[in-house]
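Survey of secondary and tertiary structure
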Amino acid sequence: MPGRYSTVSACRRWRYDSRMLHLACCAALLLSLRLVVGFPWLQVVPATLIFYLGSGGWSSLRIFAKTISRDLHAAFVLLQVKLNVRRHLKEKNTIPKIFAETVQRFGDKTALIFEGSGEKWSFRQLDEYSNRVANLLLQRGFKDGDVVALFMENRPQYVGLWLGMAKIGVEAALINFNLRLEALVHCVSISNAKAVVFGSELTSAMCEVHASMESTVQMFCSGDWDPQQVPQGTECLEPLLEAAKTHLPSRPDRCFTDRLFYIYTSGTTGMPKAAIVVHSRYYRMAALVYYGFRMRSDDVMYDCLPLYHSAGNIVGVGQCIIHGMTVVIKKKFSASRFWDDCVKYNCTIVQYIGEICRYLLNQPLRDTERQHSVRMALGNGLRMSIWEEFTGRFNVPQVAEFYGATECNCSLGNFDNKTGACGFNSQILPYFYPIRLVKVDEESMELIRGPDGVCIPCKPGEPGQLVGRIIQNDPLRRFDGYVNQSATSKKIANSVFEKGDTAYLSGDVLIMDECGYMFFKDRTGDTFRWKGENVSTTEVEGTLSRLLDMKDVVVYGVEVPGAEGKGGMAAIADPSHTCDLEKFGKDMEKVLPPYARPVFLRLLAQVDKTGTYKFQKTEMRREGFNPREVTDKLYFLEPSRGRYVELSEELYSSILAGKQKL
């Protein structure tokens, strides 16, 4: 007992000292702010002295000097976005209303360019197209609160469709165009969609699931189509829109915190989860990036990311909708055409995910990779190991790396181009932006709590899970969660910052240095990232088990040197060696998108389970795919042949050397 109380006393003393430190920092920052706006230079002396006395000496003064400019910029960005959000709340604005202001300002300026066809849409044309969508849906009986699923590849119409829906309060469900069969039906059904608008390029996918959908779900096909090939009852969208009116219909009484659309994210529940995106969240994500990275309305952004993702549709297209930027939409990413496109369209900002940077570095040298006007690469997942190689080879002055998720309230931004960092939190005023790294058990990823039941914050250099305090009446701090309430509850923890509060659990492990810079380390839970996509291990396990007559299958991610994310590995219980890998590979292609197909297979006698029948993955994850260390049979998915081949030591060495394509 004495030991316990001494620990509690130590914690209290630590918190008291921390508060004193933060008070001293506040005083220093406030005096510095007064200095910035024109007060005499002599005021820096007491500010510095207060900080020095309250924070412990020269080390803290050094951190203060190194980070004050960064932190002041971040504080002004947060203040600006907060004031804008307050205005939009007061005026009951929505994204369509904000877009209407953008149209008034920019009118005939090019809003969207569709790379490939060279098609250009002005802001006025995008506005008129979205009005047609709104009027057509009203004519067909859709009303405020209804949901329409959007299932198509990138194109300008994609933006016009969800924007038109939003004008009359219809919520779009943005479905990953790689999904097929059961997962596709699941995404349509959990959103309670009354209709599906699909691209003609996805006709075969819709035909496969049409019989499994509710008979009341209406079908609209966009693009070149053959009436004999589409599901029965499908209508061609283009003639219907051509006949619709272009005036703005009467708007429903919606506000800034109402639902805009749904974006699907992989999770531990087995199937994709529909994350709720409200109007204020869309604005916040786009605005923080715009102001934080000092973008301009005359920038031209190259967006080659899928529009069913928040990165492509909010961080990218959001700059067009809200700030009047021209955005070049690419149907699909092409490493060989990337820099040619940037030169052709005079792009100044390019979007990326980590995989894109690696693919570009793997391309042969070409003149256009240094003849462009790109001043900023915006995205997440750029590894430190290739960061400087990327910026040096392609002559990109700034990497605007950020951390975030569709549903999270603890986004980060690397505003000052710090190599390798995905963002930062102020060490001067850590409570100004209420996020934190907290200690977790490395095996179970359970939160570690102190004697008072509150989570333990990490010190610089200690890995921890990123969390963000939830304040539901603050649009910048709220957590809207998912359509499924159970999935929402799993992302919330209590008594994280202090007793009785609630916080969002990111599920990601980061490390912070002494200046507050954050560096991404790992993804927790039953999800890993590969080819720029989140892969749900539970979903893949269930699918593969069905293909293998319900054999035990464990799926996890393994690190592959030189590759972004983790390659999928499936451990299959096959004691009698009856698994037909050729048939298995062909069957798998029909039901899983490419990024979710395991890169490696491991055939073993049995899969170890816990007492609650959960698969034990930790040891297998550590062993990886090294044939010298794993005694079980290992196989590799050879991309050129599309089939599994035995993983020999020679092939293993080729993968490590980066000679073997994944």
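Up top you'll find the structure we're talking about.
Residues numbered from 1 in each chain as written. Predicted model: local features only at pLDDT ≥ 70, side-chain atom pairs only at ≥ 80, totals over all residues. Heavy atoms only, no water.

A word on the sheet that holds strand 6 (residues 218-222). Reading across from one edge, 7-6-5-3-4-8-9 is the order of the seven strands in this open sheet, with mixed pairing throughout. Each end of this open sheet is capped by a strand with a single partner; those strands are strand 7 (235-236) and strand 9 (273-278). Contacts from helix 11 (residues 310-323) reach strand 4 (171-174), strand 8 (259-265) and strand 9, with the element oriented near 140° to strand 8. (Pairing = 2+ DSSP bridges. Helix = DSSP H or I, 4+ residues; strand = E, 2+ residues; numbered from the N terminus. Contact = heavy atoms within 4.5 Å. Axes fitted to C-alpha atoms, helices over the stretch in contact; angles between N-to-C directions.)

Here Pro364 shows up in the loop between helix 13 (354-361) and strand 13 (376-380). What Pro364 contacts, discounting residues up to four positions off in sequence, is Glu369 and Arg393.

At Leu181, a position not held by glycine, the phi torsion is positive, near 50°. Structurally, Leu181 can be placed in helix 7 (residues 181-190). Looking at Leu181, the relative accessible area reads 29%, which means it is partly exposed. Here Asn417, not a glycine, exhibits a phi torsion of approximately 65°, which is positive. (Buried < 20%, exposed > 50% of the residue type's maximum accessible area, 1.4 Å probe, protein only.)

Residues separated by three or four positions in an α-helix point in the same direction, a consequence of the helix having 3.6 residues per turn. For helix 4 (residues 95-106), spanning 12 residues, the distance from its first C-alpha to its last is 16 Å, which sits close to the expected 16 Å at 1.5 Å a residue. Along helix 4, the positions that sit buried rather than exposed are Ile95, Pro96, Ile98, Phe99, Thr102, Val103 and Phe106. All buried residues of helix 4 project into a common sector of 155° when viewed along the axis, lining one side. Opposite the buried face of helix 4, by more than 90 degrees, sit the exposed residues Gln104 and Arg105. Positive phi shows up at Gly107, right after helix 4, with a value of about 45°. (Expected span 1.5 Å × (residues − 1). Arc of directions from axis to C-beta.)

The next point concerns helix 17 (residues 581-591). Looking only at helix 17, the buried set comprises Leu581, Phe584, Gly585, Asp587 and Met588. Turning to helix 17, the residues buried within the fold contact helix 16 (537-547), strand 25 (566-573), strand 26 (600-604), strand 27 (633-638) and strand 28 (643-646). The backbone nitrogen of Glu582 lies 3.3 Å from a side-chain oxygen of the residue at the head of helix 17, namely Asp580. (Polar contact = N/O pair within 3.5 Å; in protein donor to acceptor, adjacent residues only side chain to side chain.)

This brings us to the nonpolar core. Counting 154 residues, the largest nonpolar core has Trp162 and Tyr282 as its most contacted members. Looking at this core element by element, the count peaks at eight residues for helix 10 (residues 279-292). Residue contacts for Trp162: discarding those within four places in its chain leaves Ile95, Leu150, Ala172, Leu174, Leu260, Phe261, Tyr282 and Asn313. Counting residues in each nonpolar core, the second largest holds 29 residues, with Val350, Ile353, Trp387 and Phe390 among its members. (Core = buried A, V, L, I, M, F, W, Y, C linked by side-chain atoms within 4.5 Å.)

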